[in-house]
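Breakdown of the fold
The lines below spell out each chain.
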Amino acid sequence: MSNQKKPSELAIWLGIADTSFTRQKTVKFGDASAVNSGRIYSILIVIALVALWIISSVFGLVKPFYWPTIDGTIDRFIKLLTEGFRNTPLWEHVGISIYRVISGVLYGSLVGIPLGFAMGLSSIARGLFDPIVEFMRPIPPLALIPLIILWFGIDETAKIFLLFLASLFIMTIAARSGVSSVRVSKVHAAYSLGASRLQILRNVILPNALPEIFTGIRTSMGVCWGTVVAAELVAADKGVGSMIMIAKNFLQTDTVVLGITIIGLIGYAIEMAMRWAERRLIPWKGKG
Amino acid sequence: MSGIVLDKISMVYTLNDGGEVHALDDVSLDIADGEIVTVLGPSGCGKTTLLNILAGFLSPTKGEVRVEGKPVTGPGPDRGMVFQQGALFEWLTVSENVSFGPRMAGKPKKEIAETVAHLLDTVGLQGFGEKPVYQLSGGMQQRVALARCLANDPKVILMDEPLGALDALTREKMQGLVLKLWKEFGKTILLITHSVEEALFLGERLIVMAPRPGRIKKEFRLPFADQGLSKDPRDIKAAPDFVRTREEILSMIWEMEEQIMGQSESETSE
């Protein structure tokens with residue numbers, strides 16, 4: 001023991017050194033918990049990429065048409081923040097995309113959750129809606145865009161309806177499987193404790209289904225975020241998707257790259273926020 | 001008056017291929033008010049079916065079940081259930097689980113709070129009321145299940161392998177708790193178990209069931225449950241009487257298991 005020097009916290013954090021427990025392990029290859037973070041390499045690769053970008057900007061190695069210079073991109077970003085894009089502030093482009101996603105998921109949940117419950121609890125509802133749900137499930141929401149444009153044109157209703165459909169079937173299936181997953185001993189216990197059917201629905205089946213419903217919401221948010229950007233690429237004058245599509249027409253590669261980055265960051269932020277909310281709201285998940 | 005009467009119960013499941021499984025065949029049993037009865041048998045002897053019929057989750061093909069003279073037609077708060085595990089409501093705290101029955105019945109809040117406090121004390125969970133149940137150990141979760149059942153003040157408590165998922169040491173401790181609750185609350189208890197020792201230790205009466213068709217093979221009247229609170233459980237379980245009965249029952253069950261094996265072997269060789 002004494003011949004081992006204790007590695008510093010920093011070295012462990014950077015992944016240069018193994019923790020003293022991992023160091024005692026004689027078999028490391030194949031043991032996933034023995035693979036350390038390797039964070040030093042993450043830092044190095046980011047530095048290397050940024051350096052490469054700076055070098056290519058300074059020496060003009062890549063045409064700005066293909067990839068923007070770093071100073072040009074920073075200037076563009078400041079311009080987007082202060083002046084906006086095409087007379088619309090940047091936050092409004094981002095905000096309207098997020099608003100569409102949240103509306104779509106909200107309406108999808110409002111219809112999908114009760115529908116899923118009905119399908120999980122009644123043979124009639126299951127029989128009635130099963131063909132529709134199973135038919136719609138494998139269709140990518142983007143494939144519905146032409147039909148929705150024919151029905152609603154290209155206004156706001158059309159986009160929100162598309163996102164509604166995108167989340168509807170995810171939510172229906174999530175709620176249905178949440179209802180079906182209830183352990184019969186819990187329901188039996190509730191009946192033996194004198195609960196009525198309505199009380200069992202409210203106090204056993206609903207809370208039991210919440211984790212799956214929440215997973216459904218998380219999936220819906222992700223799918224809708226992808227769908228909204230694509231829908232905005234097709235037809236919209238506001239929103240991050242439309243922003244990068246219009247910027248392309250003006251050959252503003254820097255705006256396009258910035259837009260893609262923003263889309264990625266927001267998608268990541270949505271996922272993180274949903275995970276955080278899940279831990280807060282449904283701490284019992286997976287512990288039944 | 002008898003607490004529970006099983007009157008010539010038969011249970012036949014019809015399979016999809018037209019075959020029939022006789023889960024229970026003409027089972028009759030009287031359980032007195034305040035009696036604790038344990039049921040033991042090899043797997044497939046219909047003991048869980050029996051409990052489900054008593055609870056009212058299944059209706060028998062033939063025969064009738066009466067609790068306090070009233071025929072059983074469905075589940076009800078007069079018959080409390082304690083399951084092996086996983087029947088607690090993991091989204092609720094310990095207190096909320098225990099108060100579930102009274103809350104569903106719309107009892108006054110103050111009364112519920114008193115009941116819960118008293119019961120948590122009784123099962124040794126004082127101070128755990130606000131904990132989520134998923135943070136408790138398996139043994140503590142079963143304590144919650146017992147308290148939740150008692151909170152409803154049922155006449156009869158049906159236990160389906162309540163200690164089956166616990167480690168051996170916790171299990172012994174919990175057996176003592178079951179006896180204590182039985183004495184303190186004077187409930188009629190029917191307990192199903194796989195453990196011969198547990199069945200002997202907890203039952204005033206022990207029913208051994210035989211499979212195919214499920215039926216009562218033998219009944220034992222036992223003194224151990226009564227001694228359980230005054231004597232050291234280790235002494236009881238080491239007493240010659242206890243050991244002899246245990247071996248008798250074990251060889252009976254082994255014989256039945258071997259018969260089943262023989263039967264299924266001849267079935268597969270056909």
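Because the structure is predicted, anything quoted here is derived from the model rather than measured. (Residues numbered from 1 in each chain as written. Chains lettered and ligands numbered in written order. Predicted model: local features only at pLDDT ≥ 70, side-chain atom pairs only at ≥ 80, totals over all residues. Heavy atoms only, no water.)

In terms of regular secondary structure, chain A is built from 12 helices and zero strands. The C-alpha atoms of chain A give a radius of gyration of 25 Å, which is well past the 19 Å a tight globule of 288 residues would have. Projected onto its principal axes, the C-alpha positions of chain A cover 75 × 70 × 30 Å. Counting every position in chain A, which comprises 288 residues, the buried fraction comes to 41%. The contacts of chain A with a sequence gap of at least 6 include a subset with a gap of at least 24, amounting to 67%. Total accessible area computed for chain A in this model is approximately 16,600 Å², and 69% of it derives from carbon and sulfur atoms. Taken together, the 27 basic and 17 acidic charged side chains of chain A have centroids lying 10 Å from each other. (Helix = DSSP H or I, 4+ residues; strand = E, 2+ residues; numbered from the N terminus. Rg over C-alpha atoms; globule rule 2.2 N^0.38 Å. Buried < 20%, exposed > 50% of the residue type's maximum accessible area, 1.4 Å probe, protein only. Contact = heavy atoms within 4.5 Å. Areas by Shrake-Rupley, 256 points an atom, 1.4 Å probe, with all protein chains shown as cover. Lys, Arg positive; Asp, Glu negative; His and termini not counted. Charge placed at Lys NZ, Arg CZ, Asp CG, Glu CD.)

Bringing the side chain of R143 of chain B into the picture now. Residues and elements named next belong to chain B. One can find R143 in helix α5 (residues 138-151). We note that R143 is buried and unpaired, the nearest opposite charge coming from D167 at a distance of 10 Å. Among residues more than four places away in sequence, those in contact with R143 are V123, G124, L125, K173, M174 and L177. (Salt bridge = Lys/Arg side-chain N within 4 Å of Asp/Glu carboxyl O.)

Now for the interface of chain A and chain B. Taken together, the contact pairs 20 residues of chain A with 21 residues of chain B. Interface area for chain A against chain B, summed over the two sides, is near 1,900 Å², with a carbon-plus-sulfur share of 67%. Considering only the side of chain A, the residues that lose the most area to chain B are S192, L193 and W284 of chain A, jointly responsible for 34% of the buried surface there. Taken together, chain A and chain B are joined by one salt bridge. E90 of chain B serves as the salt-bridge partner of K186 of chain A, at 3.1 Å between the closest nitrogen and oxygen. On inspection of chain A and its partner chain B, the count reaches six residue pairs in polar contact (both at pLDDT 80 or more). Looking at the side of chain A that touches chain B, the elements that each hand over two or more residues are α9 (184-192) and α10 (197-234) of chain A. Taken together, the residues that form the side of chain A that touches chain B break down as nine nonpolar, eight polar and three charged. (Buried area = accessible area lost by both parts, 1.4 Å probe. Polar contact = N/O pair within 3.5 Å; in protein donor to acceptor, adjacent residues only side chain to side chain. Nonpolar A, V, L, I, M, F, W, Y, C, P; charged D, E, K, R; others polar.)

Turning our attention to helix α4 (residues 109-122) of chain B. All names here are of chain B. Along its 14 residues, α4 runs 20 Å from first to last C-alpha, staying within 8% of the 20 Å computed at 1.5 Å per residue. Residues of α4 that are buried include every one of I112, V116, L119, L120 and T122, and no others. Seen from one end, α4 has its buried residues packed into an arc of 155 degrees, which puts them on one side. Tucked inside the fold, the buried residues of α4 contact α2 (94-98), α3 (100-104), α5 and α6 (168-185). (Expected span 1.5 Å × (residues − 1). Arc of directions from axis to C-beta.)

The next thing to look at is the domain arrangement of chain B. All names here are of chain B. As far as domains go, chain B holds domain 1 (1-78 + 156-241) and domain 2 (87-153). Summarising the inter-unit geometry, the C-alpha centres of domain 1 and domain 2 are found 24 Å apart. Domain 1 puts 15 residues into the contact, and the matching count from domain 2 is 13 residues. Roughly 1,200 Å² is buried in total at the junction of domain 1 and domain 2, and carbon and sulfur atoms are behind 73% of that figure. When the buried area of domain 1 at its contact with domain 2 is split by residue, M174, L181 and F185 rank highest and sum to 34% of it. The interface formed by domain 1 and domain 2 includes one salt bridge. Across the pair K187 and D153 runs a salt bridge whose closest N-O atoms are separated by 2.5 Å. (Domains from an automatic or database assignment.)

The next thing to look at is the packing of α9 of chain A against α10 of chain A. All names here are of chain A. Contact geometry for α9 and α10: axes closest at 10 Å, N-to-C directions at 150 degrees. For the pair α9 and α10, the sense of crossing is right-handed. Within the contact between the two elements, α9 uses K186, V187, A190 and Y191 and α10 uses R197, I200, V204 and N208. (Axes fitted to C-alpha atoms, helices over the stretch in contact; angles between N-to-C directions. Left-handed = near helix turned anticlockwise from the far one by under 90°.)

Here we come to the packing of aromatic side chains. Overall, the coordinates contain 10 aromatic pairs over all chains when judged by the stated rule. When the ring of F152 of chain A is compared with that of F161 of chain A, the centres are 4.8 Å apart and the planes differ by 45 degrees; the resulting orientation is tilted. Their ring planes at 45 degrees and their centres at 4.5 Å tell us that F89 of chain B and F100 of chain B sit as a pair that is tilted. Placement of F89 of chain B in the loop between β6 (79-82) and α2 and of F100 of chain B in helix α3 is noted, with a sequence separation of 11 residues between them. Each member of the pair, F89 of chain B as well as F100 of chain B, is classed as buried. Over the face of the ring belonging to W13 of chain A we find R39 of chain A, whose NZ or CZ atom lies 4.6 Å from the ring centre. (Phe/Tyr/Trp six-rings, centres within 6.5 Å; stacked < 30°, edge-to-face > 60°. Lys NZ or Arg CZ within 6 Å of the ring centre and 35° of its normal.)

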